[in-house]
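Structural description and commentary
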Amino acid sequence: MSDETLNKFRTWVLRFNFFHIGLAFVQAFIFRLPLGDDIQGVFYRSGSGHVVGSSVSLSFTLYYFIAAKSRPLWFRAGVIVASLVHLVLADAKQVIVTFIVGFAILSITKSGDISKTLMYIIGLTIFVVAFTWAIYNIPALGAFTVWIRPEIYGPDGEANRMKFSGIRSVLAHFHSPLNWWLGLGPGHTIDRLGGWMLDDYSPLLSPLGSTVSPIANEVWAFVSSSWLANGSSFFAPFWGWAAIWGDYGIIGLGAYLYLASIVWRKVCVDDVCKVLMLTVVVHGFLFTQMQEPGFMLSITCLIGLRWQENQVELNNMLAAKYSHT
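We now turn to the structure provided with this report. Source: prediction; values computed, not measured.

**Thoughts on the side chain of Gln 27**
- Along the polypeptide, Gln 27 turns up in helix H1 (residues 3–29).
- Gln 27 sits in the buried class, given a relative accessible area of 4%.
- With residues near it in sequence (within four places) discarded, Gln 27 still touches Arg 32, Leu 33, Asp 38, Ile 39, Gln 40, Gly 41 and Tyr 44.

Pasting the structure below:
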């Protein structure tokens, strides 16, 4: 991008995300919508819009804190606080988990740089300790304790049974060794297409030849019978990585990971981009966020914006170098 085009793009991204965070506060404090699923910002009435909205706002504030160096530190820190308040208002607990795990994985990748590794580990440890204290001492954060129940995580625990019910159903419908390699076909297992879209839009898609499998109905039946179903999408049997494997098999999953490795190596120019990409990876183990256009396009915009800004910086450095020679 030229400097002019990049500035326009950056301005659009900033305005969109500030409006999004502001709209979430309007929904909570002016419209007084019920806290939780209805606090969705611009992604209003889009199913899991509260998780998408919180993920986007927290991702943006991480980018803004690092990239907007011309703004005062107190203002950038305030934007991060606003996104964390948005997260609490939306009750999107899993979003904070994706960032904690993302930072933890990034710290491991920095093992060759001792100073950076220590910085990430110390910072992450301080945050986890402070956050653990907060969820037990601040009433507004008490909802996070819903996950701290060891009995639901055992081999026969309800969380384990519900999380892997989708995979068990997929395996039950494998009728050939080829299914392991090629899957059961797009929209035929536990992705967003099979779990929701093909059914919701069947009047439009069925005349075009769309096909469905009984897997989604089987999984939904199990979910409806589980007392944990209303607890959190953290335990949802519909989740990204399992869905890619179910739909496209090991070959499809390998192709997806190969494309992801290209983005990691060629496009993620700094730690901000890598953390954002790692949050996508973690989201893939929780729910169907990897198939949510609002979430994925927002992350793509932020990573692409950082890449474009890096290219401009490199070009300016080269221009300055040649001007002195």
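**Digging into the packing of aromatic side chains**
- Evaluation of the coordinates by the stated rule reveals 19 aromatic pairs.
- With centroids separated by 6.5 Å and ring planes inclined at 75 degrees, the aromatic side chains of Phe 16 and Phe 43 adopt a geometry described as edge-to-face. Here Phe 16 is found in helix H1, whereas its partner Phe 43 is found in the loop between H1 and helix H2 (49–67), with 27 residues between them in sequence.
- Its relative accessible area of 25% is what places Phe 16 among the partly exposed residues.
- Taken together, a centroid distance of 6.3 Å and an interplanar angle of 85 degrees make the contact between Phe 164 and Trp 239 edge-to-face. A residue pair is termed long-range when its members are at least 10 positions apart, and Phe 164 in the loop between helix H6 (158–163) and helix H7 (165–172) and Trp 239 in the loop between helix H11 (215–225) and helix H12 (240–267) qualify at 75 residues.
- Judged by relative accessible area, which is 35%, Phe 164 ranks as partly exposed.
- By relative accessible area, which is 7% here, Trp 239 ends up buried.

**Focus: a nonpolar patch on the surface**
- A contiguous nonpolar patch, built from Leu 171, Leu 178, Trp 180, Trp 181, Leu 182, Ile 250 and Ile 251 and spanning about 690 Å² of accessible area, is present on the exposed surface.
- When residues of the nonpolar patch are traced back to their parent elements, those giving at least two are helix H8 (178–182) and H12.
- Per element, the largest residue contribution to the nonpolar patch is four residues, and it comes from H8.
- Within the fold, Ile 250 resides in helix H12.
- The exposure class of Ile 250 is partly exposed, given its relative accessible area of 36%.

**Considerations on H11**
- Within the sequence span of H11, burial applies to Ile 215, Ala 216, Val 219, Phe 222 and Val 223. Viewed along the axis of H11, the buried residues span an arc of 125 degrees, placing them on a single side of the element. Those residues of H11 that are exposed and aimed more than 90 degrees away from the buried face are Asn 217, Ser 224 and Ser 225.
- Looking at the packing, one finds that the buried side of H11 touches H6, H7 and helix H9 (192–200).

**Regarding the side chain of Ser 165**
- Note on placement: Ser 165 falls in helix H7.
- Setting aside residues up to four positions removed in sequence, Ser 165 forms contacts with Val 219, Phe 222 and Pro 237.

**With respect to H1**
- Counted at 1.5 Å a residue, the expected span for H1 with its 27 residues is 39 Å, and the 39 Å between its end C-alpha atoms agrees.
- All of the buried residues in H1 are Leu 6, Val 13, Leu 14, Asn 17, His 20, Ile 21, Ala 24, Gln 27 and Ala 28.
- Structurally, H1 contributes buried residues whose contacts are with H2, helix H3 (73–90) and helix H14 (293–323).

**A look at the nonpolar core**
- By size, the foremost hydrophobic cluster in this structure holds 63 residues, and its most contacted members are Phe 60, Tyr 63, Tyr 64, Val 95, Ile 190 and Leu 276.
- The element contributing the most residues to this core is H2, with eight residues.
- In terms of nonpolar packing, the next biggest core, distinct from the first, is built from eight residues, Ala 159, Met 162, Phe 235 and Leu 286 among them.

Scoring rules and cut-offs
- Residues numbered from 1 in each chain as written.
- Predicted model: local features only at pLDDT ≥ 70, side-chain atom pairs only at ≥ 80, totals over all residues.
- Heavy atoms only, no water.
- Helix = DSSP H or I, 4+ residues; strand = E, 2+ residues; numbered from the N terminus.
- Buried < 20%, exposed > 50% of the residue type's maximum accessible area, 1.4 Å probe, protein only.
- Contact = heavy atoms within 4.5 Å.
- Phe/Tyr/Trp six-rings, centres within 6.5 Å; stacked < 30°, edge-to-face > 60°.
- Patch = residues over 30% accessible without salt bridge, like charges linked within 9 Å, V, L, I, M, F, W, Y side chains within 5 Å.
- Areas by Shrake-Rupley, 256 points an atom, 1.4 Å probe, with all protein chains shown as cover.
- Salt bridge = Lys/Arg side-chain N within 4 Å of Asp/Glu carboxyl O.
- Arc of directions from axis to C-beta.
- Expected span 1.5 Å × (residues − 1).
- Core = buried A, V, L, I, M, F, W, Y, C linked by side-chain atoms within 4.5 Å.

By themselves these figures say nothing about function.
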